[in-house]
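# Secondary and tertiary structure notes
Each chain, written out:
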Amino acid sequence: MVSPICSYHKKKMKQIAFASSFPKMQGGIGFDGGSGEKENVGKQIQIVRTKGKVKDLQEEISKQDVDFDVVCDIHVGIAHTRWATHGAPANVNTHPQRSDEDNEFIVIHNGIITNYKDLRTFLESKGYEFESETDTESVAKLIKYIYDNSDNEEMSFDTLVERVVQQLEGAFALLFKSVHYPGQVVGTRRGSPMMIGILSEHKLSTDHIPVLYRSGKEKMGNCTLPRADSFSSLYAVGEEKGVEYFFASDASAIIEHTNRVIFLEDDDIAAVVNGRLSIHRVERRPSELPARAIQTLQMELQQMMKGNHSSFMQKEIFEQPESVVNTMRGRVNFEDLSVVLGGLKDSIKEMRRCRRIILIGCGTSYHAGVATRQILEELTELPVMVELSSDFLDRNTPVFRDDVCIFLSQSGETGDTLMALRYCKERRALTVGITNTVGSSISRETDCGVHINAGPEIGVASTKVYICQFVALVMFALMMCDDRISVQKRRAEIIHGLQKLPDMIKEVLSLDEEIHTVASELYQQRSVLIMGRGYHYATCLEGALKIKEMTFMHSEGILAGELKHGPLALVDKFMPVIMLIIRDQTFAKCQNALQQVLARQGRPIVICDKEDHESEKNAYRAIKVPHTVDCLQGILSVIPLQLLAFHLAVLRGYNVDDNKRLRKVEAEYVSP
């Protein structure tokens, strides 16, 4: 994951070196080195890499023979904290990756270069030796190869990067630094997020940076991107005025420094040269904006602190009552029973004329779609498909102009979902984004959308975003049917249920100690089955996902109606079974499933209504939750499973915020 990189003016080197990393599995930093004299800074690049936490990296940095008290007019440092994707966690596989032993070029990278093996084979044939197992090292070697073979052509850093990017395939956000271009840094992205934070106490030259394009008069083989000038770059106005730039993959990585950001688009090349930021592109696409605007993040640093909680995951689970309120705030009027999603109101008439709704997402976002499919079908009387983004693309699913395609993503940058969005846009379907990140790629590229306002989600496992996506989709269903007289009674019932929801969530959270007791009985098990049907099948899938993500136990969400078609063979007195049995239209069928489990000496833990004495009587242990409208009950029944996953992980000795086997490519951790 790309951490902030900073270009400073009049700062001590120590302030840069310790500002550029956040806690994860392993990390590294590359910054301007030199002999200690101010004029020599930037003529060498110092790299420090280590496994472990940021404190370990800080200790390594402090051991370096570098004068960190030198005050520099211009200084650049790039840092990175990563999960192991190519190569095991090891210093040699840590970013920055370098072009050679002299660190002529260094690169940090978020994403995957899919053609890195071909690049590596080519570069090895040219005599370049590789020292890591990463895909990123191919990029570092490639930029040196192009530089070395430029026939003494005077080439700017951004043009050099542009030539490198033309040879890359995959999704990536890249940052480059070089001894040949001291005081400069270049960033680019394709398919992976990148933003630039801007901090200055002084007036800036502009709040919109014009995008520079290659001149049509230039030859393709020897092209040079136009140079930035005072009218096309961002800088602090006046002599000796400083400005700081922070390149990052996620807003949470830079919010402690600044809330003013520029979001880069795919294939943008952003260059900082002598404190001036400019943005370049090779060619202009139709309907493309001619400038990148400075935007203000609506995020507070306090939102990303643990507070009194032991972990971000626990904090985010207990934030859910407030998150649900924020999702509904200003959108649901409980007095006149109206629902207005401002981002959709201009397109709602077109949506009501559609022939089909397709919900597309990955992981937890996919489960939010499964959870709300039934109520969407009921209220809209339209066919509703729920698709996993990767499978949707693999099948080349037919999409038509009169379809409404809804894309669900916490970050708004999920790679497969973003590619599915572009696939649907090519087929001229109406696209809707439901994300938790303002300014994300999905929120920018969809025709309209909803920001769920869940607040930053730092933990590896998504919890509050699932519930807020759930609520947002229910609100969408209510908005779609507000002109249908036949469903007004049902609409009123659901809206009243939404009004009571935050207090009911608090009531479920009060079961934390009880669920800890359940976890203490299960944490040594190797597997768990979770069963339900109807509205609660999605809850089973989501609960099973949380348990396997956090505890590394095998867990499986099972549709109770399919119990006799295979899964029942797994049930015996040793197999932990969790069943969701709620008093709705599937209650009698779930009771039948419960009897089948009991007949095989199963010891089911049942999540049921508070007044459901029948299920409680037959359960090995019962977890009682409040009863609400059937289509909202899944919100209340998933919270015990979130808490169970948390407690199981802690009891098994795992750090829930530092999952060593998962890579959450959309989020950055911020030190508490």
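Read on for a plain summary of the structure.

Cut-offs and rules
Residues numbered from 1 in each chain as written. Predicted model: local features only at pLDDT ≥ 70, side-chain atom pairs only at ≥ 80, totals over all residues. Heavy atoms only, no water. Helix = DSSP H or I, 4+ residues; strand = E, 2+ residues; numbered from the N terminus. Buried < 20%, exposed > 50% of the residue type's maximum accessible area, 1.4 Å probe, protein only. Contact = heavy atoms within 4.5 Å. Areas by Shrake-Rupley, 256 points an atom, 1.4 Å probe, with all protein chains shown as cover. Arc of directions from axis to C-beta. Polar contact = N/O pair within 3.5 Å; in protein donor to acceptor, adjacent residues only side chain to side chain. Axes fitted to C-alpha atoms, helices over the stretch in contact; angles between N-to-C directions. Parallel < 35°, antiparallel > 145°, perpendicular 65-115°, else oblique. Left-handed = near helix turned anticlockwise from the far one by under 90°. Nonpolar A, V, L, I, M, F, W, Y, C, P; charged D, E, K, R; others polar. Pairing = 2+ DSSP bridges. Salt bridge = Lys/Arg side-chain N within 4 Å of Asp/Glu carboxyl O. Phe/Tyr/Trp six-rings, centres within 6.5 Å; stacked < 30°, edge-to-face > 60°.

## Side note on the overall build of the protein
- Across its full length, the protein carries 19 helices and 30 strands.
- Split into buried and exposed, the 672 residues of the protein put 61% on the buried side.
- Residue pairs at least 24 apart in sequence account for 74% of intrachain contacts in the protein once pairs closer than 6 positions are excluded.
- Total accessible area on the protein is roughly 27000 Å²; 46% of this is exposed by carbon and sulfur atoms.

## Observations regarding helix 15 (residues 512-522)
- Residues Asp512, Ile515, Val518, Ala519 and Leu522 constitute the buried set of helix 15. The arc that holds every buried residue of helix 15, seen down its axis, measures 115°, which confines them to one face.
- Those residues of helix 15 that are buried lie in contact with helix 6 (312-318), helix 14 (488-509), strand 28 (576-581), strand 29 (603-609), strand 30 (621-625) and helix 19 (633-651).

## Some words on unusual backbone geometry
- The amide bond that connects His95 to the next residue, Pro96, takes the cis arrangement and shows omega of 0°.
- Unlike most non-glycine residues, Gln601 shows phi in positive territory, near 65°.
- On the secondary structure map, Gln601 appears in the loop between helix 17 (587-599) and strand 29.

## Quick word on the side chain of His280
- Along the polypeptide, His280 turns up in strand 16 (residues 276-281).
- We classify His280 as buried; its relative accessible area is 1%.
- Here the side chain of His280 touches Ser278 through a polar contact of 3.0 Å, side chain to side chain.

## Some thoughts on the packing of helix 15 against helix 19
- Relative to each other, helix 15 and helix 19 sit at 50°, their axes nearing to 8 Å. By the angle class used here, helix 15 and helix 19 are oblique. The way helix 15 lies across helix 19 gives a crossing that is right-handed. Taken together, the residues of helix 19 that come into contact with helix 15 (itself represented by Asp512, Ile515, His516, Val518, Ala519, Ser520 and Leu522) are Pro640, Leu643, Leu644, His647, Leu648 and Leu651.
- Tallied by class, the residues present in the contact of helix 15 with helix 19 amount to nine nonpolar, three polar and one charged.

## Observations regarding the sheet that holds strand 28
- Strand order across the open sheet formed by five strands is 27-26-28-29-30, with parallel pairing between neighbours. The open sheet is flanked by strand 27 (554-559) and strand 30, the only strands paired with a single partner. Across this sheet, the average inter-strand angle for adjacent strands is 20°, counted without regard to direction.
- Sheet topology places strand 26 (residues 527-532) next to strand 28; three bridges connect them, and they run parallel.

## Topic: the pattern of salt bridges
- A complete count under the given rule lists 31 salt bridges for this structure.
- In this structure, Glu319 engages Lys464 in a salt bridge whose closest nitrogen and oxygen atoms are separated by 2.6 Å. Placement of the pair is Glu319 in the loop between helix 6 and helix 7 (320-328) and Lys464 in helix 13 (residues 464-480), with a sequence separation of 145 residues. The pair Glu319 / Lys464 is uniform in exposure class, with both members buried.
- Its salt-bridge partner being Arg490, residue Glu378 comes within 2.8 Å of it at the nearest N-O pair. Of the two residues, Glu378 sits in helix 9 (residues 363-380) while Arg490 sits in helix 14, which places them 112 residues apart along the sequence.

## A look at helix 5 (residues 157-165)
- The element helix 5 is largely enclosed, with a buried count of nine among its nine residues.
- Of all the positions in helix 5, only Phe157, Asp158, Thr159, Leu160, Val161, Glu162, Arg163, Val164 and Val165 are classed as buried.

## Side note on the sheet that holds strand 7 (residues 97-98)
- Taking strand neighbours across the sheet as the criterion, the eight strands line up as 7-8-9-10-15-16-12-17 in an open arrangement whose pairing is mixed. Unpaired on one side and paired on the other, strand 7 and strand 17 (291-293) mark the two borders of the sheet.
- Inspection of the sheet shows strand 9 (residues 170-178) paired to strand 10 (residues 184-190) by four bridges, in the antiparallel sense. By the bridge assignment for strand 10, Ala173 is matched with Arg189.
- In this fold helix 5 packs onto strand 8 (105-113), strand 9, strand 10, strand 15 (269-273) and strand 16, with an angle of close to 30° to the strand it touches most, strand 10.

## Describing the packing of aromatic side chains
- Considering all chains together, one arrives at nine aromatic pairs under this definition.
- When the ring of Phe105 is compared with that of Phe157, the centres are 6.4 Å apart and the planes differ by 55°; the resulting orientation is tilted. With Phe105 in strand 8 and Phe157 in helix 5, this residue pair connects regions lying 52 residues apart in the sequence. When sorted by exposure, Phe105 lands in the same class as Phe157, which is buried.
- Ring geometry for Phe157 versus Tyr181: centroids 4.5 Å apart, planes at 5°, classification stacked. Here Tyr181 lies in the loop between strand 9 and strand 10 and Phe157 lies in helix 5, a separation of 24 residues in the sequence.

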